[in-house]
Amino acid sequence: MSTEDLFKQFWKAYPLKKSKKQARTTFHKLQITEALLQEILTAVHWQTKEWQARNFEGTPYPSTYLNDERWEDMPTPSTDTSAFASSPAWIREIKGRAS
């Protein structure tokens, strides 16, 4: 799969549709692989719930999210993590460490 195809998947999943050109440039610069994209999309899924709870206030622009490697952030304690039960083992391990 091409890097552009991977970017399209990221763009479709990311809730804030701002500065697409900059996001694309950053995505290509970071050389995101399919495996890393899956990690990013998993994080975006639960992070979107956090951002939604705040009416998306403070949601980083996509390029900022990528540059800051925000997919490595930990859920806040108030986040409903029940969705993690069906997540890959590494997600469940992270959740366990955060408790």
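For the structure, see preceding data.
Attention here is on the structure that accompanies the text. Nothing here was measured: the structure is a model prediction, and the numbers come from that model. (Residues numbered from 1 in each chain as written. Predicted model: local features only at pLDDT ≥ 70, side-chain atom pairs only at ≥ 80, totals over all residues. Heavy atoms only, no water.)

Observations concerning the overall build of the chain
Across its full length, the chain carries 5 helices and 0 strands. For the chain, the sequential pattern of α-helices and β-strands runs α-α-α-α-α. Relative to its full complement of 99 residues, the chain shows a buried share of 33%. Partitioning the intrachain contacts of the chain with sequence separation of at least 6 by distance along the chain shows that 66% fall at a separation of at least 24. For the chain, the accessible surface area stands at approximately 6,200 Å², while carbon and sulfur atoms represent 50% of it. (Helix = DSSP H or I, 4+ residues; strand = E, 2+ residues; numbered from the N terminus. Buried < 20%, exposed > 50% of the residue type's maximum accessible area, 1.4 Å probe, protein only. Contact = heavy atoms within 4.5 Å. Areas by Shrake-Rupley, 256 points an atom, 1.4 Å probe, with all protein chains shown as cover.)

Remarks on the packing of helix H1 (residues 3-13) against helix H3 (residues 34-53)
Axis separation between H1 and H3 bottoms out at 10 Å; the angle between their running directions is 0°. As summarised for this structure, H1 and H3 are arranged roughly parallel, according to the angle between their axes. Within the contact between the two elements, H1 uses Leu6, Gln9, Phe10 and Ala13 and H3 uses Glu34, Leu37, Gln38, Ile40, Leu41 and Val44. When its residues are assigned to classes, the contact of H1 with H3 shows 7 nonpolar, 2 polar and 1 charged. (Axes fitted to C-alpha atoms, helices over the stretch in contact; angles between N-to-C directions. Parallel < 35°, antiparallel > 145°, perpendicular 65-115°, else oblique. Nonpolar A, V, L, I, M, F, W, Y, C, P; charged D, E, K, R; others polar.)

Observations concerning the nonpolar core
Within the largest apolar cluster, 19 residues are counted, with the highest numbers of intra-cluster contacts made by Phe10, Tyr14, Phe27, Leu37, Ile40, Tyr65 and Leu66. Within the residue set of this core, elements represented by two or more residues are H1, helix H2 (20-30), H3 and helix H4 (62-67). Top contributing element to this core by residue count: H3, with 7 residues. Excluding residues that lie within four positions of it along the chain, Ile40 makes contacts with Phe10, Ile32, Tyr65, Leu66 and Trp71. (Core = buried A, V, L, I, M, F, W, Y, C linked by side-chain atoms within 4.5 Å.)

Side note on the packing of H1 against H2
For the pair H1 and H2, the least separation of the axes is 10 Å and the interaxial angle reads 130°. On the basis of the axis angle, H1 is oblique to H2. By crossing handedness, the relation of H1 to H2 is classed as right-handed. Taking contact as the criterion, the partners of Thr3, Glu4, Leu6, Phe7, Phe10 and Trp11 in H1 are, on H2, Lys20, Ala23, Arg24, Phe27 and His28. Taken together, the residues of the contact of H1 with H2 sort by class into 6 nonpolar, 2 polar and 3 charged. (Left-handed = near helix turned anticlockwise from the far one by under 90°.)

Shape is all these values report; function is a separate question.
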